[in-house]
Every structure is written in structure tokens, then in C-alpha cells.
Amino acid sequence: MKLLSVNMNNVRRFTQPMEVLNIGPGLNVLAAPNEQGKSTLFDALHALFFFEAKSWKQKEAASLAPRAGGNPEISAGIDVDGQSYRISKVFSSRANQRLVTVHRDGHLFKQSEDAEEWIRTLVKPPKDGGPAGLLWVRQGVTSLISGKDDDTLAARRDLLSSVAGEIEDITGGRQMEKIRAALKNDLETYLTKSGAIKKHGPLWEAEQAVANLDGQMADLRCKVEQLHTKLVERRELQDEKTVLVDPVAIQERADALDAARAALKAAEAYQENQAKADEAHQTAQLVLETHQDRIKTAEEQLSEFREAKKALDELQKTVSGAEDQLGEAAKGLEKAKTAEQEARKNQLSADEIRDAAHAAEANRKGAERRQELAKRLEDAQRHSSEAAAARRTIDCSPDARQMEQLEEAWQELELLKRAREASAAAITLTADAGQQDRVTLNGNPLQPGHRVALPDGGDIAVAGVGSIRVHPAEQRGETVLVKARAEFGVALEATGCSTLQAARQSEKERKSAEVTLRDANAKLKISAPDGMQALMDEIAILPETVAQDASLPSATDADAAFRAARDRHAKILADLEGVRADHDAKHGDARELRVRRDEAQNRVDRATSAVGHPDERDRELTALRAKTPELERTYEEAKQQAQELAANAPDLSLAQAGAQRAQNVVDQADRRLSEIGIRLSALEALITHEADLSVEEKLREVEGKREAALSHAEQVQAEVKVLQRLDQALSVAQKQAHDAYIGPIRNELRPLLSMVLPGAELTLDADSVLPTGLTRPEGEDSYDQLSGGTQEQIALLVRLAFARLLTKSGTPAPIILDDAIVYTDDDRIERMFNALTQQAGDMQIIVLSCRQKVFRGLGGQTLSIRQAANEANA
């Protein structure tokens, strides 16, 4: 069967007639955005083929009705063995409005119940083993198991049975199942399902009879052995008593005890002497070590004192030399200061003469300069106004130090914010085509592909869905961030601005004003070098008549004399700075040397405090060294005496053990005689009682019964082993048949699998005909361990293989996939496209997908859901 077209009217959101035309025999692709009717089309086809028109009470059929009401109408054009048919159904809650028809070549072929029966014969429902449940995949359903009861299992098994019918013999068909079921019932008479012996069964009762008789035999044998044991014990106790009461043995035990006690007393006396010698040895060692420590301490203290005294004497000489150099430098500095003062006076005098000369020159040129000076005054006033305006801007703007503090506080705050954002929750939007504007963050559109951190949480809104509140996670270092914000606020407040941008703009204006101020001051200096007041004063005092003074030099000569005096003063001033720098350096050197001398003096004082009087300390050290040989001899003598006593010391623990052992021998002999008397009395009574029970005769009787029960149990066990062996042989035969049973699907799967997963081999379960594992060069994984994408790909390949078997069996059915490839990556989806294209050569495949861009690469016949032509023309 192949689909040719589909028509829908009053199906969910389609209240107008819609159609899908030109469905080809090979690969067909219907790629459209979400909510365009792909899943509705799938459900409509499912209802058309598998729901009867009267099945309105079923939830799936009723769900096809539109909200506005009306009866769902569905029809499909199909091709069956080259013959064209059109199946049509109208679903309704009212019997008189239901309609089922089948037309062939445009003429009515079947209707009502006849039409329903013809459809059921054409395509069995999935629950009855029909292949559509295996080959028609709903949106979001990628598993091969369709539900709790796996409706597709019957389809898989029936399909394989029809392909491999020759396997249906006694080793692979239903007859084998009957034989194994009967064998299982026989085994369950003897054993449980786990293989354990079944309680109260024949085998259990036979073995239990043997076990009971074994228990009786063991009890009787125990009683016989106990009687023999008591007789042997009585004889042995009598012999032991004879040995213990022998007078010679009693005397030997007493003599051994006296000898052991004497040896212990001698060992204890020797140990006391040895302890005194060890104590004397330890005391001599302690005295010698203390003496040696005193010598070492005295030597170290004297050495430290002498080194500190030597260092102090050397530094004292160095300090004296440095202070002498400092005095000479001070004299040179005073001389340079005097010369600088004289040069400054000469410069001032030359300056006065120059001013007078220039004043005379100005007097001579007063009339000519009045206009020029007035112009310069006007320029100076303009430049002064510019400088005042720039200065006001500078005064109102933050200075460099304030901006530096503000920038540092801002950078610290930004670093903490970025660290907080890096550790905070983040989101990245991936939106389908045309859906970018549906998602907003805090009221602003969320741009796809950009990572957005949410350290303070946020509100994500999805148009037509709702909103998501992202709550901020608890952040470490929040106190540090709050402190950084506070410091930034203090630094910003110090600038007098409300924002960082305002402060930066104000700084920029200040820098511009500083340039303006420098430019205005420079121009003002040019226009009025001595100030505007001086310029106005000069203008005011310019006489109308020229006054001559022959005693004054010319302005040029006065300028030259002033420059000479100024240069001489500058040279002397530079020399003064050099002398002052040399004086400061020598002063610093002398100060550093005095500090080092004070430190050396402190070291000498500490060493003197530790040593006391050096000569007395030397005499004390000499006396200590002289006493060392005597202490060493005392130590060696004590050590030798302790070693000699230790070498010849008797073993005290051994002497104690010997005394204790001798005492134990005496005590044990007395106790044992008492115990033997008591035990002999008890044994006499027990032996007399048990001799009257005839346990040996009863034992022989039970042994005969046990041999008969054992023979019966062995017969039952042999029967169980025969049944188990038969079950194993049948299981092997059935497995071999099952391997041949699933051979066709393996053969179809192998080339498909190599296209998508090169080098992989799929393991199939013979009972469920489902994948159980995947073997690849890097290892083997169970099917449940595979990723969702790999499971999805394998499921689709298995469906293609079953579709191939259907085609070979002469009953082809179309494959319909509604968004069945949703977890596959870009690389494998290309391989899946190749597999679909290859299989579409002699099969009909219809792919429904919302991924328009991706599925353009699939090729095939392009389909679309559109308004029916007659409705569009109307």
C-alpha cells in the first residue's frame, strides 16, 4: 500500500478543508514550523485506518473534533497493487451523521461495515499485530516499545515468522513451546523455579526420609561411642590416680618446689644490686652532660662578646670619620649660602637698574607705545577672562587623585562583579527560526547565542507560555562585594558627581579647561608679562613729554648686565644645590652609621649581660675544662660497673617462672586427685545405666531401614537429572532456532547500521526482537547505556529494516515519521538522511518535521498542508 493524498476538514484547528497532494512513491518531506498541522495530519491518518467511524467515545477519536464543534472528515487516496482507492470517514457522536466509504477508480466500492472490514483487512491495527504500529512513529516516540504491553511485538514476530517460515518446526515453533511447558510442569513437581528442591515434593520427601534415618543412626552411634568412651576414661583415670599417690613422686614434687624458691630469692637480690649500679651510671651521665653544656654555653657567650666588641670598635672609628666629613661639608654649605646671597643682591641691583633703564626707554617711547599698550591691555583682559572661566571649571571638577581613587574603586567593584557573574547561574537562548522575539529577560528581548549571567536572578518571559523566575543562588564573598560598592560610593561622592560617567566627563572638561588655562596664561604672560595692573600702571604713567637721564645705561646694556647677574646667581645657586646634596648625603651616611653603632652597642650590652666580667668568665671556663676529665672517669667507671652486672645477671623472670611452675605442679596434683575421685564415681553410675539400653541392637535395625530409603531417593534423583538434561538440550535447540529466526532482520540491519555507525554490530533479543546491546571497536555497551540520540538512530534503523522485510514479503507499507529524529547531531543526521534516501528506492517514506533548515538537506518530494483547491477558489 502507498499513500497518494490526504484530505481533512473540521479536524482540530482545521475548520476549513485542507489537503496534502502529490505524495510520491519514494521519499517525501513535509517540513513546516510548529503548530502547522503535522501531528494533526499523523493523528488523522491513524484514525482513518485504525478507528471505526462509530468509535466516537474513544478519547483519541473525540480529540480530533474542533473546539467550535462539527464532525471530523478525513479521506486518503491510496495505491494497492497498482489500483487506486480513496478511503473516507466522517466521525460523529450521532449515528446518522457517520460515514465510511471506499471508492475505487472514482466509483463507490465499499461502505459502512463492509468498508470498515475492507480497511481492517488492508491494514491490521497495531494491537492486532499490524505493521503500522511499528512503522508509523508519533512525535516524541522514539522507543521501539509502543507501550506497557508492547503492541508492536506481535507485528515483529508475525513478520519474522512469515519471512522465516521454515523455522516453524519442533525446535523453533509453537510445538516446542508446548513440549517445554510440559517439561517445565514435570520439573516443578520436584523443583522450584529457582532450581531448589520443592518442599513436600517427591524428591524432598525421599531425601527427607534418608535424612531422618541418618539422624537416628547418628544419635545411636553417638550413644554407642559414648559408652565405649566412658569405659576407656574409667580405666585411664584409675591408672592416673595410681601414679599421683606414689610416695616417691610426692617427695620429688616437694624438693623441686624448695629448690625453685631458693633460686628466685638469689635472683631478686642480684637484681637490686644491678638497679643501684644502673642508677649510679645514669646520674654520672647526667652530671657529665650538664657540665659539657655549661662549657659550651660559656664558650658561645665569650665568642659573641668578643665579636660584638670588635664590631663596635670598628663602627666607632667609621662614625668618627663620617662626622668629620659632615663637619667639612657643613662649612662648605655655609660658604656656598653666603655666595648665593651676594649673587642674589647683585641680581636684584641689576634688576633695579634694568627696570630704570626700561622705564626711561618707556618714557622716551611713551607716546608711541600708548596705543600699542592699550591693545595689549585689551588682549590681556580677554585672556584673563578666559583663564578665570577655565579656573572655575577646574575648581568644580574632581582632581586627578580623586579620579584615581574612583577608578580604582570602580575596577575593584567590576572585578568582584565579574567573579560573581562567572560563578552565578547563566542562560543561553537557542531559538527556532522566527521565534527569537518571544523570550524576554526582565522586559528586554533575550538575544540568542549569548551567555547571560544572572547573579541577581531575573524574570524570563516566554510569549504565549508564561514566565520563569530565576532566583539568585547564595554567593560567596557577598560581604566583600557590598564593601566594594560602599567604597565606590564614597569615592564617587568625593568627586561631587552622581555617576562614574559624569565624573569621567567632568574630568575630561577639567583637562580641557587646564589646556585652556595654560594657553590663556601663556597668552596673558605675553600680553602682560608683569600683570594687567602693571600694564595699566605703565600706561597711566607714560608722560606726554620725553624725560632724559644721561646716567642710566641703555635698555640693551641694562638687559645684558641683568642677564649676566642672573646667570651668575643661577650658577652659584646650582653649586649651592650640589653642596647641599653632598652635605645631605654625608648627613644620611653619618646617621645610618650612628644607628649601626647603636645596634652594635646594644649587642655588646646584651653579650656583657650574659657574660658578666669577661676575665671572670674565662677563669670559670678554665676551671670547668679542668674538671671534665674527672667527670668523664666517674662516668666510665659507673658505666663499666653497670655493664658487668648486666652481663652476669641471672634471668629473674625465668626464676619466677620456675618457682611458679613448681608450685603449680604441687597444686595441680592435689586438685587432680580430687577431680579423679569425683569423676570415677559418676562414670560408674553412667556405665551401669547405659549397659541396660541395648543401643547396639537398635543401631543395626535403623541401618537396614536407611539402605532401603537411600535406594528410593537415588531413583527419584536420577529422574530429576534426566528431566534437567532434556530441558538443557531443548533450550540449546530452541536458541539455535531463534538465531535463525532473527537472521533476516540482522541481515537487513547490517548495511543500514554500517552507514550510520561504521564498525558497529547490534545484538537482538530473539524473544522481543529488540536491540539489547551495541558492540563497537572501542567496547560494548548495553542498549540502556546508549545516549538518547544513538537509541533514536538505532530505533529508526530497526524500523527501516522491518519495512524492508515487509516489502520483500509482498505486503509493503508506508513509513511515516513525525519528528522522529530530534536528538541526532549534525554529522549523524547526514548519515541518517543517506540511509533514508537509500531505503526510499522501493519503499514509501513520509517524513514530518518542524526543523525546516535541517531537513532541506534530506531531498525527496516536498509536501505541504494547504487549503483545498476548491475552497481556495471559492
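Keep in mind that what you see is a predicted model, and the values were worked out from it rather than measured.

Asker: Quick one: what's the story with the overall build of the protein, residue by residue and with numbers?
Answerer: Looking only at helices and strands, the protein has 22 helices and 21 strands in total. When the accessible surface of the protein is totalled, it reaches about 51,500 Å², and 50% of it is carbon and sulfur.

Asker: Lay out the sheet that holds strand β5 (residues 83–90) in plain terms, naming residues and giving numbers.
Answerer: The antiparallel open sheet is built from 7 strands, whose spatial order is β7-β6-β5-β4-β1-β2-β21. The sheet terminates laterally at β7 (107–111) and β21 (866–867), the two strands that pair on one side only. Judged from the 2 bridges that link them, strand β2 (residues 18–20) and β21 form a sheet pairing that is antiparallel. The partner of Met 18 across the bridge, within β21, is Gln 867.

Asker: Please set out the packing of aromatic side chains residue by residue, giving values where relevant.
Answerer: Under the criterion given, the structure shown has 4 aromatic pairs. Centroid distance Phe 109 to Trp 118: 5.9 Å. Interplanar angle 85 degrees. Geometry classified as edge-to-face. By relative accessible area, Phe 109 is classed as partly exposed at 27%. These aromatic residues form a ring-pair network of at least three members: Tyr 85, Phe 109 and Trp 118. Positioned above the aromatic ring of Phe 109 is the side chain of Lys 110, whose terminal nitrogen or guanidinium carbon lies 5.3 Å from the ring centre. The ring of Trp 410 carries Arg 504 above its face, with NZ or CZ at 4.7 Å from the centroid.

Asker: Describe the packing of helix α10 (residues 400–423) against helix α11 (residues 478–495), naming the residues involved and giving the relevant values.
Answerer: Packed helices, taken two at a time, are described by the angle between their axes plus the distance between the axes. Where α10 contacts α11, the axes come no closer than 9 Å and their chain directions differ by 155 degrees. Judged on the interaxial angle alone, α11 and α10 are roughly antiparallel. For the pair α10 and α11, the crossing hand works out as left-handed. Contacts between α10 and α11 involve Gln 402, Met 403, Gln 405, Leu 406, Ala 409, Trp 410, Leu 413, Leu 416, Lys 417 and Arg 420 from the first element and Glu 478, Val 480, Leu 481, Ala 484, Arg 485, Glu 487, Phe 488, Ala 491, Leu 492, Ala 494 and Thr 495 from the second. Looking at the contact of α10 with α11 residue by residue, the class counts come to 13 nonpolar, 3 polar and 5 charged.

Asker: Mind laying out the environment of Ser 194, listing which residues take part and the relevant values?
Answerer: With respect to the helices and strands, the residue Ser 194 is situated in the loop between α6 (174–190) and α7 (202–244). At 3.1 Å, the side chain of Ser 194 and the side chain of Thr 192 are in polar contact.

Asker: Now, about the pattern of salt bridges: what can you tell me, with residues and values included?
Answerer: A side chain of one charge can pair with a side chain of the opposite charge when the charged atoms of the two come close. According to the stated counting rule, one finds 36 salt bridges in the structure shown. Arg 306 is the salt-bridge partner of Asp 618, the closest N and O atoms lying 3.0 Å from each other. Residue Asp 618 is found in helix α15 (residues 614–647), and its partner Arg 306 is found in helix α8 (residues 247–364); the two are separated by 312 residues along the sequence. With its nearest N and O atoms 3.7 Å apart, the salt bridge here joins Lys 511 to Glu 507. Of this pair, Lys 511 and Glu 507 are both found in helix α12 (residues 500–527), 4 residues apart, which corresponds to roughly one turn of the helix. Using a relative accessible area of 45% as the deciding quantity, one classes Lys 511 as partly exposed. The structure contains a network of salt bridges with shared partners spanning Glu 52, Lys 54, Glu 113, Glu 117 and Arg 120.

Asker: Account for the sheet that holds strand β16 (residues 771–776), with residues named and values stated.
Answerer: Taking strand neighbours across the sheet as the criterion, the 3 strands line up as β15-β16-β17 in an open arrangement whose pairing is antiparallel. The sheet terminates laterally at β15 (761–764) and β17 (779–782), the two strands that pair on one side only. The average undirected angle you get between the axes of adjacent strands in this sheet is 20 degrees. In terms of strand pairing, β15 meets β16 through 4 bridges, oriented antiparallel. Along β16, the bridge assignment pairs Glu 761 with Thr 775. Running over the sheet, helix α19 (residues 788–808) touches β15 and β16 and is turned about 110 degrees from β16.

Asker: Give a description of the pairing of strand β19 (residues 845–849) that names residues and reports values.
Answerer: On a regular strand, one side chain projects to one face of the sheet and the next to the other, so that they alternate. Here β19 lies mainly inside the structure; 5 of its 5 residues are buried. Burial along β19 is two-sided: Ile 845, Val 847 and Ser 849 facing one way and Ile 846 and Leu 848 facing the other are all buried. Across 5 bridges, the pairing between strand β3 (residues 27–31) and β19 is parallel. Of the residues in β19, the one forming a bridge with Leu 30 is Leu 848. Strand direction decides the pairing type here: strand β18 (residues 815–818) and β19, joined by 4 bridges, are parallel. Bridged to Ile 816 within β19 is Ile 846.

Asker: Give a description of the nonpolar core that names residues and reports values.
Answerer: Core analysis: the largest hydrophobic core is formed by 43 residues, its most contacted members being Leu 3, Phe 49 and Ile 78. Elements that contribute at least two residues to this core include exactly β1 (2–9), β2, α1 (38–50), β4 (73–80), β5, β6 (99–104), α3 (112–122) and β19. Broken down by element, the residue count for this core peaks at 8 residues, all from α1.

Asker: An account of α1 is requested, with residue identities and associated values reported.
Answerer: Taking 1.5 Å as the rise per residue, α1 with 13 residues should run 18 Å; its terminal C-alpha atoms sit 18 Å apart, in good agreement. With 12 of 13 residues buried, α1 is to be regarded as a mostly interior element.

Asker: Summarise the pairing of β7; cite the residues concerned and give the values.
Answerer: In the sheet, β6 pairs with β7 via 4 bridges, with the strands oriented antiparallel. Looking across to β7, one finds that Thr 101 is bridged to Gln 111.

Asker: Pulling in residues and values, what's your account of the packing of α19 against helix α20 (residues 826–839)?
Answerer: With their axes 11 Å apart at the nearest point, α19 and α20 run at an angle of 5 degrees to one another. Classified by the angle their axes make, α19 and α20 are roughly parallel. Note on element contacts: α20 touches α19 through Arg 828, Met 832, Ala 835, Leu 836, Gln 838 and Gln 839, opposite Thr 790, Gln 793, Leu 796, Leu 797, Leu 800 and Arg 804. Considered class by class, the residues forming the contact of α19 with α20 number 6 nonpolar, 4 polar and 2 charged.

Asker: Go over the side chain of Thr 101, please, and point to the residues and values.
Answerer: Here Thr 101 lies in strand β6. Excluding its chain neighbours within four sequence positions, the residues that come into contact with Thr 101 are Arg 86, Ile 87, Ser 88, Leu 108, Lys 110, Gln 111 and Ala 115.

Asker: Lay out a negative patch on the surface with the relevant residues and their values.
Answerer: On the surface, a cluster of negative charge is contributed by Asp 246, Glu 252, Asp 255 and Asp 258. Tracing the chain through its elements places Asp 246 in the loop between α7 and α8. Judged by relative accessible area, Asp 246 falls into the partly exposed class, the value being 34%.

Asker: Describe in detail helix α14 (residues 555–611), supporting the description with residues and values.
Answerer: Along an α-helix, residues three or four positions apart point the same way, because every turn accommodates 3.6 residues. Compared with the 84 Å implied by 1.5 Å per residue over 57 residues, the 82 Å span of α14 between its first and last C-alpha is a close match. Where α14 terminates, the next one or two residues include Gly 612, which has phi positive at roughly 80 degrees.

Asker: Requested: an account of the confidence of the model for the protein, with residues and values cited.
Answerer: When the pLDDT values of the protein are averaged, the result is 80; 88% of them are 70 or greater. In this model residues 146–174 is a low-confidence stretch, pLDDT under 50, and it forms 58 contacts with partners more than four residues away in sequence or in other chains.

How each quantity is defined
- Residues numbered from 1 in each chain as written.
- Predicted model: local features only at pLDDT ≥ 70, side-chain atom pairs only at ≥ 80, totals over all residues.
- Heavy atoms only, no water.
- Helix = DSSP H or I, 4+ residues; strand = E, 2+ residues; numbered from the N terminus.
- Areas by Shrake-Rupley, 256 points an atom, 1.4 Å probe, with all protein chains shown as cover.
- Pairing = 2+ DSSP bridges.
- Phe/Tyr/Trp six-rings, centres within 6.5 Å; stacked < 30°, edge-to-face > 60°.
- Buried < 20%, exposed > 50% of the residue type's maximum accessible area, 1.4 Å probe, protein only.
- Lys NZ or Arg CZ within 6 Å of the ring centre and 35° of its normal.
- Axes fitted to C-alpha atoms, helices over the stretch in contact; angles between N-to-C directions.
- Parallel < 35°, antiparallel > 145°, perpendicular 65-115°, else oblique.
- Left-handed = near helix turned anticlockwise from the far one by under 90°.
- Contact = heavy atoms within 4.5 Å.
- Nonpolar A, V, L, I, M, F, W, Y, C, P; charged D, E, K, R; others polar.
- Polar contact = N/O pair within 3.5 Å; in protein donor to acceptor, adjacent residues only side chain to side chain.
- Salt bridge = Lys/Arg side-chain N within 4 Å of Asp/Glu carboxyl O.
- Core = buried A, V, L, I, M, F, W, Y, C linked by side-chain atoms within 4.5 Å.
- Expected span 1.5 Å × (residues − 1).
- Patch = residues over 30% accessible without salt bridge, like charges linked within 9 Å, V, L, I, M, F, W, Y side chains within 5 Å.
- Lys, Arg positive; Asp, Glu negative; His and termini not counted.
- Charge placed at Lys NZ, Arg CZ, Asp CG, Glu CD.
- pLDDT = per-residue confidence, 0-100.

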